[in-house]
Amino acid sequence: MPTHARAVLFHELGGPDVLKLEEVPIGAPEAGEVRVRVHAIGLNRAEVLFRSGDYYYQPTLPGSRLGFEAAGTVEAVGLGAESFAPGDAVSILSDQEMSRHGVYADHVNVPAHALVRRPAMMDAVAGAAVWTAYLTAYGALVEVGRLQPGDRVLITAASSSVGLAAIQIANHLGAIPIAVTRSPAKSKRLSLAGAAHVITTEADDLLSQVHAVTDGQGAAIVFDAVAGPTLAQTATAVAAGGSLIVYGWLDARPAPLPLNWPLNIHGFAVDFVTGVPARMARAQAFVEAGLRAGTLKPVIDSTFDLTDIVQAHRHLESNQQFGKTVVKVQH
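Worth saying up front: this structure is predicted, and the values here are computed from it rather than measured.

Undergrad: Mind showing me how you'd approach helix H4 (residues 131–144) here?
TA: Helical geometry: 3.6 residues make up each α-helical turn, so side chains three or four residues apart lie on a common side. Taken as a whole, H4 carries its principal kink of about 25 degrees at tyrosine 138. The buried count for H4 comes to 14 of 14 residues, which makes it a mostly enclosed element. In the stretch just after H4, arginine 146 is the one whose phi turns positive, near 55 degrees.

In structure tokens:
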């Protein structure tokens, strides 16, 4: 096994240019850990926030690692991690502490509980793109929202990987996905991606359009990635007694409490699923069944090489992507 790895580090908070690809020592996996040869890395908005100091916890500087989602092959296992073996195809999916276990690298040691086996039908790019998006959408819509056939679900930031996963899951369950985007250029693509209705906030009034496509009732679930000052307005699209599920804060400004009661409000994070074995087992079975059936399929926006990580983060911050940005790792 190699004694050194190429890893992306950052030594100060800032924009994409603070990311540096460096050689770092890597030891044998410790107890409960698995060494993974990384082939692809899934990028998430959380890493932009972490790199810039706006995440819910702060990086350990200097020399912080970054990232929590990847796919690769097991190289070695530590004591107590023998459920995996060298050669196993795996995905890394749990939101482990990034400064220590960040997966932007060609080889990493990660906790065994952060791994799932990668099905034969799933290549490394898909394996790095599936789990965070689909576990987030599944957990919020199914485990929390109890989405039923015929329910209308309003999905903000719908062109993100989580938004597209939510559209597919809603269709898979017979629900009616209503996509929200700021960009008129993305409207047609969202329709082609399965949205029953698309609302463009630059051109349309959100509430009037929601009422128009829900017979004035509103959505059973609003699945929101934005939060911020517009949250109270977004919440008015929820049907009486429905659920507002907030899983992101693209707008970091304070969010007022919505007052259109009765209203169920949930703040959702993916560890609601990954942190409970029974929920994780249900989620994994659900996602893999959808992948086999073809009703669930990750949308890959673009791929970059690990050596182009700065450009990959610039693209991620551009908000022009449609789906998942993935970084490939050459060995």
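We are not done yet, so read on.
Undergrad: Would you mind going over the side chain of glutamine 321 with me for this structure?
TA: Along the polypeptide, glutamine 321 turns up in the loop between helix H11 (309–318) and strand E15 (324–328). Within the structure, glutamine 321 has its side chain in polar contact with the backbone oxygen of leucine 316 (distance 3.2 Å). Excluding anything up to four places from it in sequence, glutamine 321 contacts Arg45, Ser159, Lys186, Asp301, His315 and Leu316.

Undergrad: Looking at this structure, how should I read the sheet that holds strand E10 (residues 197–200)?
TA: Two strands in a sheet stick together by hydrogen bonds in their backbones, pointing the same way (parallel) or opposite ways (antiparallel). What the six strands build is an open sheet, ordered E10-E9-E8-E11-E12-E13; its pairing is parallel. With one partner strand each, in any of the chains shown, E10 and strand E13 (264–267) form the two edges of the open sheet. Put simply, the sheet's adjacent strands are angled 15 degrees from each other on average, direction ignored. By the bridge criterion, four bridges tie strand E12 (residues 238–246) to E13 in an arrangement that is parallel. Bridge pairing links valine 246 to glycine 267 in E13. Seen against the sheet, H4 touches strand E8 (152–155), strand E11 (219–224), E12 and E13 and runs at an angle of roughly 150 degrees to E11. Strands in contact with helix H7 (residues 206–213) are E8, strand E9 (176–181), E10 and E11; relative to E10, the strand with the most contacts, it is inclined by about 165 degrees.

Conventions used here
Residues numbered from 1 in each chain as written. Predicted model: local features only at pLDDT ≥ 70, side-chain atom pairs only at ≥ 80, totals over all residues. Heavy atoms only, no water. Bend = angle between axes of the 7 residues up to and from the residue. Helix = DSSP H or I, 4+ residues; strand = E, 2+ residues; numbered from the N terminus. Buried < 20%, exposed > 50% of the residue type's maximum accessible area, 1.4 Å probe, protein only. Polar contact = N/O pair within 3.5 Å; in protein donor to acceptor, adjacent residues only side chain to side chain. Contact = heavy atoms within 4.5 Å. Pairing = 2+ DSSP bridges. Axes fitted to C-alpha atoms, helices over the stretch in contact; angles between N-to-C directions.

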